[in-house]
Amino acid sequence: MRLIERSTRRRVLVTVRGVVQGVGFRPFVYRLARELGLSGDVRNAGGSVVIRIAGSAGELTEFVARLRESAPVAARVEQVEVVPLDSRIALDPGFTVVASTAEDRGTPRVPTDLATCAACLRELFDPGDRRYRYPFLNCTDCGPRATVIDALPYDRERTTMRIFPMCPDCRREYRDPADRRFHAEPTTCPACGPRLAWSAEPENSGVTGDAALLAACATVVSGGIVAVKGIGGYQLICDAAAGETVARLRKTKPRPTKPLAVMAPDLEAARALGTIDEATATLLGSAAAPIVLIPRRVDAPIADDVAPGVGSIGVFLPYSPLHHLLLAELRRPLVVTSGNRSGAPTVIDDPTPLRPIVDGVLAHDRPIRARYDDSVVRVMAGRTLSVRRARGYAPAALPLPVSAAAPVLAVGAQLKHTLAVADSDSATLGPHIGDLADAETLTAFEASAADLCRLLAVQPEFVAHDRHPAYLSTRYAQRWPAHRRIAVQHHHAHVAATAAEHGITGPFIGIALDGLGFGDDGTFWGGEVLLADYTGYRRFGRFATAPMPGGEAAIRRPARMALGYLFGAERFGVEPEPPEPELLHRMGEREVAVLRAMIARRVNCPRASSAGRLFDAVASLLGLCDDNGYEGEAAARLEAAATGHPAREPLRWALHRRAGLLVYDPVPTLRHLLESTGDHAVGALAARFHRTIAEVVVALAAEAAADSGTDTVCLGGGVFQNALLTTLVLDGLAAADLNAFAGERIPMNDGGISYGQAVIAAARTNRS
């Protein structure tokens with residue numbers, strides 16, 4: 001009988017591709033093979049896992065099926081390739097994990113950082129465990145990944161952990177197949193791993209270990225601000241209830257009004273901050289552990305200055321052992337925000353730039369290889385939408401609807417910057433970098449591009465970039481030869497990103513509501529209806545234009561934009577003059593006169609068909625925001641004012657035809673708004689404005705559908721970060737029997753531009 005079994009044994013080579021490194025996949029394969037009585041070995045190869053295995057046909061069939069069905073939670077199996085194993089290759093009896101090799105076909109997948117798992121958390125607070133209160137414990141199910149990797153395949157010697165030789169106890173766990181730290185590459189303990197260190201000016205205190213942690217906590221309790229070296233960079237931390245401290249943080253960072261994220265000790269404490277439903281609770285407790293935007297409670301136990309003027313608050317839970325220790329010691333919500341001066345990249349090594357902001361620094365000696373901010377998401381209309389894609393989600397790959405004929409580097413736009421690398425049938429989207437405002441952020445972007453290409457083992461042959469000639473990302477792309485550059489229109493990239501994420505294969509209607517994008521005609525666009533596919537588009541409709549007095553100054557000061565609409569909006573016939581807004585008195589006669597003259601004479605007043613600028617204007621006309629303290633503040637305050645008010649009736653609006661385009665005319669809307677200010681509350685008018693724009697979008701989409709014969713509508717652009725508007729638009733499109741899609745894993749703001757560029761460039765290179 002044994003002879004018959006041996007004669008029917010098969011030998012195969014199994015290659016598993018996807019997110020299969022840094023997620024405990026080799027230990028999983030080892031245990032599965034031993035359970036089924038199979039012989040062979042498993043190794044990391046490039047970015048994949050390669051298995052040489054022998055067994056009966058039935059055993060191998062079950063083995064391959066369970067590779068997909070029972071993989072570790074953090075793994076994502078994209079492809080399992082099974083081919084006969086060369087008969088000349090000898091396999092040892094039993095099953096082993098063998099040394100990694102660099103060879104592999106296909107683009108590797110870089111594993112994301114994972115929040116502390118339940119098992120490690122129990123050890124962290126167990127006085128009897130040798131890793132009790134150790135801030136750097138981890139296992140195959142959790143811990144740093146993308147932030148410590150130097151190269152693939154993923155092994156300890158190719159991470160920043162290689163400078164910490166394992167002690168005998170850690171080495172024994174690392175080599176024990178029954179231990180959950182079996183081949184956990186960043187594994188460490190107090191005897192052999194990184195250590196905390198505390199320093200406070202004017203002199204370095206030299207405190208290390210648990211004493212350093214306690215010194216940092218004492219500083220927070222006394223009303224101080226602490227810089228803490230986290231997973232992907234430094235973070236600035238203080239007591240969220242200490243109003244004077246929060247105000248000092250805002251002044252010294254500086255960050256005058258932009259909301260600050262709050263880390264709560266646990267889910268129960270988070271519920272005291274805002275409304276948390278089941279979907280939100282799941283996100284908060286997920287391995288990605290993002291910041292989740294939730295409706296704020298009026299009695300939330302935090303300073304008002306944490307999130308002034310908006311109805312939501314960004315909340316997250318501890319996701320690293322160090323965070324868990326800090327929150328367990330302090331037992332209060334903490335402001336936890338990026339460790340940088342506003343506009344600069346997050347600090348990852350030398351904390352000197354943060355010293356003027358903080359009262360002390362809690363550092364450690366584990367190097368950070370890649371800069372990663374915290375991800376931000378929100379639940380909207382039953383969907384989880386990404387606002388900022390970073391730690392926990394990046395650099396995960398997404399499919400390309402059309403394979404790239406050659407590798408492409410997509411360099412994004414200017415604000416909320418990300419980059420992407422397209423290769424074969426997927427695009428890998430890098431983490432949020434920030435706004436490319438100066439040389440410092442440009443340097444960080446260039447380093448991120450080089451690191452991502454190196455990790456993916458890709459040499460891009462093309463660069464995809466925005467059409468705006470002044471963007472720093474465009475200037476970077478201009479270093480490439482002209483025949484290797486692919487210019488992509490901003491709003492085409494926005495809607496293509498949404499379409500590609502959802503696997504749309506045919507033509508679609510793209511609705512882009514955005515701040516500004518450089519149009520094909522050299523003007524600024526931002527309220528666009530495009531009949532599109534992945535290689536091109538036709539502009540079908542738009543919002544009417546208005547001048548931006550002072551150009552960028554009008555972006556910073558919505559009051560200027562309001563005057564642009566009042567005194568210079570695109571006209572469609574004779575319109576009655578609207579009532580004089582109170583805004584004119586707030587601004588003063590001199591400023592109004594100067595701006596009115598600029599508009600009349602067309603001096604430094606570029607025109608824009610921008611939905612974002614229209615939201616700014618309305619926010620100012622309603623007295624909600626005359627000056628933006630951060631990008632999008634006016635729109636955020638307008639949404640906050642509208643939230644909770646019924647919006648059954650829209651304001652007046654009109655569509656016109658001009659030069660072959662369907663055009664939304666906002667002048668009747670603004671006139672109706674001003675006519676109603678004496679009789680209606682600001683919140684009610686804000687809600688009616690949202691209803692108006694939603695009805696306009698649905699009407700434009702319906703006209704485009706009738707013209708094109710497609711009922712697929714893809715939304716994109718930063719204005720769709722507005723939860724109220726997006727919900728109204730999606731509901732309206734569904735009622736009109738149109739199939740609507742919003743960006744979910746990919747931000748609809750400019751953080752998704754690079755993916756859209758990659759999608760379009762891949763389609764164009766494939767066509768050529």
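A. Region of interest: the packing of aromatic side chains. A complete count under the given rule lists ten aromatic pairs for this structure. With centroids separated by 5.5 Å and ring planes inclined at 70°, the aromatic side chains of Tyr134 and Phe136 adopt a geometry described as edge-to-face. With a centroid separation of 6.2 Å and 35° between ring planes, the pair formed by Phe316 and Tyr319 is classed as tilted. Linked through ring pairs, Tyr30, Phe95 and Phe182 together constitute an aromatic cluster. The ring of Tyr319 is capped by Arg391, whose NZ or CZ atom sits 3.5 Å from the centre of that ring. Directly above the ring of Phe567 sits Arg596, whose terminal nitrogen or CZ lies 4.0 Å from the centroid.

B. Looking closely at the state of the cysteines. Taken as a whole and judged by the stated rule, the model has zero disulfides. Here Cys117 is not disulfide-linked; the sulfur of Cys139 is the nearest cysteine sulfur, at 3.6 Å. Of the residues examined, Cys117 reaches a relative accessible area of 14% and is grouped as buried. Cysteine Cys189 remains unbridged, with the sulfur of Cys170 as its closest cysteine sulfur at 3.6 Å.

C. Expanded view of the environment of Asp521. Topologically, Asp521 is positioned in the loop between strand 23 (508-518) and strand 24 (524-532). At 3.1 Å, the side chain of Asp521 and the side chain of Trp525 are in polar contact.

D. View of the nonpolar core. Judged by nonpolar contacts, the single largest core of 77 residues is most densely connected at Ile511, Leu513 and Ile693. Per-element tally for this core: the top contributor is helix 21 (residues 682-708), with 13 residues. Here Ile511 is in contact with Val495, Glu528, Val529, Val697, Ala701, Val713, Cys714, Leu715, Gly716 and Phe720, once residues within four sequence places are set aside.

E. Focus on the sheet that holds strand 21 (residues 462-466). With mixed pairing, the six strands of this open sheet are ordered in space as 17-20-19-18-21-22. Pairing within the sheet leaves two strands with one partner each, and these edge strands are strand 17 (397-399) and strand 22 (485-488). Strand-to-strand twist across the sheet, computed as the mean angle between neighbouring axes with direction ignored, equals 25°. The pairing of strand 18 (residues 408-410) with strand 19 (residues 420-423) spans three bridges and is antiparallel.

F. Looking closely at helix 7 (residues 243-252). Within helix 7, the full set of buried residues consists of Thr245, Val246, Leu249 and Arg250. Looking down the long axis of helix 7, one finds its buried residues gathered within 140° of arc, a one-sided arrangement. Counted as exposed and oriented over 90 degrees from the buried face of helix 7: Glu244 and Lys251. The elements touched by buried residues of helix 7 are strand 9 (234-239) and strand 13 (334-338).

G. Representation of the packing of helix 15 (residues 558-568) against helix 18 (residues 611-621). The contact between helix 15 and helix 18 brings their axes to 7 Å, and the two run at 100°. The orientation of helix 15 relative to helix 18 falls into the category roughly perpendicular. Here Pro558, Ala559, Met561, Ala562, Tyr565 and Leu566 of helix 15 lie close against helix 18, whose contacting residues are Arg613, Leu614, Asp616, Ala617, Ser620 and Leu621. For the contact of helix 15 with helix 18, the residue count by class is nine nonpolar, one polar and two charged.

H. The arrangement of unusual backbone geometry in detail. Here the bond from Lys253 into Pro254 is cis, since omega is -20°, no more than 30 degrees from zero. Within the secondary structure, Pro254 sits in the loop between helix 7 and strand 10 (262-263). In this chain, Ala394 is followed by Pro395 through a cis amide linkage whose omega measures 5°. Of note, Pro395 is situated in the loop between strand 16 (383-388) and strand 17. The backbone phi angle of Ser424 is positive, close to 60°, even though this residue is not glycine. In this structure, Ser424 sits in the loop between strand 19 and strand 20 (426-429). Of note in the backbone geometry, Arg602 takes a positive phi value of approximately 60° without being a glycine. Along the chain, Arg602 falls in the loop between helix 17 (589-601) and strand 27 (607-610). What makes Arg602 exposed here is its relative accessible area of 76%.

I. Fine view of the pattern of salt bridges. Taken as a whole, this structure holds 47 salt bridges when the rule is applied. A salt bridge links Glu329 to Arg133, with the nearest nitrogen and oxygen atoms 3.4 Å apart. With Glu329 in helix 10 (residues 321-330) and Arg133 in the loop between helix 4 (118-124) and helix 5 (168-175), the pair connects residues that are 196 residues apart, well separated along the chain. Given a relative accessible area of 38%, Glu329 falls into the partly exposed group. Judged by its relative accessible area of 19%, Arg133 falls in the buried class. Notably, a salt bridge pairs Asp150 with Arg162, separated by 2.3 Å at the nearest N-O pair. Highlighted residues: Asp150 in the loop between helix 4 and helix 5 and Arg162 in the loop between helix 4 and helix 5, separated in sequence by twelve residues. The exposure class of Asp150 is buried, given its relative accessible area of 13%. Salt bridges here are not isolated pairs; linked through shared partners, they connect Arg26, Asp155, Glu157, Arg158 and Glu185.

Conventions and cut-offs
- Residues numbered from 1 in each chain as written.
- Predicted model: local features only at pLDDT ≥ 70, side-chain atom pairs only at ≥ 80, totals over all residues.
- Heavy atoms only, no water.
- Phe/Tyr/Trp six-rings, centres within 6.5 Å; stacked < 30°, edge-to-face > 60°.
- Lys NZ or Arg CZ within 6 Å of the ring centre and 35° of its normal.
- Disulfide = S-S within 2.5 Å.
- Buried < 20%, exposed > 50% of the residue type's maximum accessible area, 1.4 Å probe, protein only.
- Helix = DSSP H or I, 4+ residues; strand = E, 2+ residues; numbered from the N terminus.
- Polar contact = N/O pair within 3.5 Å; in protein donor to acceptor, adjacent residues only side chain to side chain.
- Core = buried A, V, L, I, M, F, W, Y, C linked by side-chain atoms within 4.5 Å.
- Contact = heavy atoms within 4.5 Å.
- Pairing = 2+ DSSP bridges.
- Axes fitted to C-alpha atoms, helices over the stretch in contact; angles between N-to-C directions.
- Arc of directions from axis to C-beta.
- Parallel < 35°, antiparallel > 145°, perpendicular 65-115°, else oblique.
- Nonpolar A, V, L, I, M, F, W, Y, C, P; charged D, E, K, R; others polar.
- Salt bridge = Lys/Arg side-chain N within 4 Å of Asp/Glu carboxyl O.

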